[in-house]
Amino acid sequence: MIITTDNDLTLRTITLEDAAAVFALTDASRDYLKEWLPWLDYTRNIADTTAYIEGCIKGHETNSSLSFVILFKGDIVGIAGFNSINPNNKTGTIGYWLSEGAQGHGIMTDTVKALLQYAFEVLQLHKVEIRVAEGNQKSRAIPERLGFVKEGTIRAAEWLYDHYVDHVVYGLLVSEWQQRK
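A brief report on the enclosed structure follows. (Residues numbered from 1 in each chain as written. Predicted model: local features only at pLDDT ≥ 70, side-chain atom pairs only at ≥ 80, totals over all residues. Heavy atoms only, no water.)

1. Considering the pairing of strand β4 (residues 75-86)
Alright, step 1. By the bridge criterion, seven bridges tie strand β3 (residues 66-72) to β4 in an arrangement that is antiparallel. The residue of β4 that forms the bridge with serine 67 is glycine 81.
Alright, step 2. Where β3 folds back on β4, the antiparallel hairpin that results is connected by two residues, among which lysine 73 adopts a positive phi of roughly 55°.
Alright, step 3. In textbook terms, the turn of a hairpin is the stretch between consecutive antiparallel strands, and for β4 and strand β5 (residues 91-98) this stretch comprises four residues, one of which, lysine 90, has a positive phi near 55°. (Pairing = 2+ DSSP bridges. Helix = DSSP H or I, 4+ residues; strand = E, 2+ residues; numbered from the N terminus.)

2. Observations concerning the side chain of serine 139
Alright, step 1. Position of serine 139 relative to the elements: it lies in helix α5 (residues 137-145).
Alright, step 2. With residues up to four places along the chain from it excluded, the contact list for serine 139 reads Tyr96 and Val132. (Contact = heavy atoms within 4.5 Å.)

3. As for helix α1 (residues 19-28)
Alright, step 1. Within α1, burial applies to Ala19, Val22, Phe23, Leu25 and Thr26. Around the axis of α1, the buried residues are gathered within 160° of arc, so they sit on the same side.
Alright, step 2. Here the buried face of α1 lies against α2 (30-33), α3 (46-61), β3, β4 and β5. (Buried < 20%, exposed > 50% of the residue type's maximum accessible area, 1.4 Å probe, protein only. Arc of directions from axis to C-beta.)

4. Thoughts on the packing of aromatic side chains
Alright, step 1. Counted under the stated rule, the structure contains four aromatic pairs.
Alright, step 2. For the ring pair phenylalanine 68 and tyrosine 118, a centre distance of 6.5 Å and an interplane angle of 80° mean the geometry is edge-to-face. With phenylalanine 68 in strand β3 and tyrosine 118 in helix α4 (residues 107-121), this pair connects stretches of sequence that are 50 residues apart.
Alright, step 3. Their ring planes at 35° and their centres at 6.1 Å tell us that phenylalanine 120 and tryptophan 177 sit as a pair that is tilted. With a gap of 57 residues between them, phenylalanine 120 in helix α4 and tryptophan 177 in helix α6 (residues 174-180) connect regions that are remote in the sequence. Each member of the pair, phenylalanine 120 as well as tryptophan 177, is classed as buried.
Alright, step 4. One Lys or Arg, lysine 34, reaches over the ring of tyrosine 161 and ends 4.8 Å from the middle of that ring. (Phe/Tyr/Trp six-rings, centres within 6.5 Å; stacked < 30°, edge-to-face > 60°. Lys NZ or Arg CZ within 6 Å of the ring centre and 35° of its normal.)

5. Brief notes about the side chain of aspartate 18
Alright, step 1. With respect to the helices, strands and loops of the structure, aspartate 18 is situated in the loop between β2 (9-13) and α1.
Alright, step 2. Note on aspartate 18: relative accessible area 6%, which makes it buried.
Alright, step 3. Among all residues touching aspartate 18, those that are not within four sequence positions of it are Arg12, Thr13, Ile53, Val69 and Ile76.

6. Concerning α5
Alright, step 1. Looking only at α5, the buried set comprises Ser139, Arg140, Ile142 and Pro143. Projected down its long axis, α5 shows its buried positions confined to an angular sector of 145°, all on one face. Opposite the packed face of α5, turned more than 90 degrees from it, sit the exposed residues Lys138 and Arg145.
Alright, step 2. On the buried face of α5, the contacting elements are β5, α4, β6 (127-133), β7 (149-159) and β8 (164-173).
Alright, step 3. Of the residues flanking the end of α5, it is glycine 147, one or two places downstream, whose phi is positive at about 85°.

7. A closer look at the pattern of salt bridges
Alright, step 1. Taken as a whole and judged by the stated rule, the model has eight salt bridges.
Alright, step 2. When the shortest N-O distance is used, the salt bridge between arginine 12 and aspartate 18 registers 2.9 Å.
Alright, step 3. Here glutamate 129 and lysine 127 are joined by a salt bridge, their closest N and O atoms 3.5 Å apart.
Alright, step 4. On the accessibility criterion, glutamate 129 (15% relative accessible area) is buried.
Alright, step 5. If you follow the salt bridges from partner to partner, you end up with Lys127, Glu129, Arg131 and Glu151 in one network. (Salt bridge = Lys/Arg side-chain N within 4 Å of Asp/Glu carboxyl O.)

Here it is, written out as structure tokens:
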């Protein structure tokens, strides 16, 4: 599945053929990503990335998640998608990461916009959430820029190597999305 935007940006469902490129990007961005992502110590080689992608594919097959590679000008620069999809409640949770070199071009804002359009128009979700570590200002700027409502804070929500971080929960309803389009 492919989602295109007006820019040089494409989202494509992640495949096993992406393992080497995704691992190389992860490895090159390891120190940068480690500040806010807890899984870097468990991604040591291509086999670890392959196992991750296999989980993504299984999530897609069971309609419980959906992961995309972010392609900017044809190159993989990150991952984004729905970490969880609850068809009964018609909700989804978006997660994302972008390599350090791809920062500052509006890539993630455009990516999340495309995911929101897909969520509300194709998946027919009622609500989308984004959960972000409280101190991660760059990541928090995305839902704030896109009109999400800050719904609250979950204390000690995630273990980040040697400490817990709180998560800020942002939500956007389909009716709010339609008003902003």
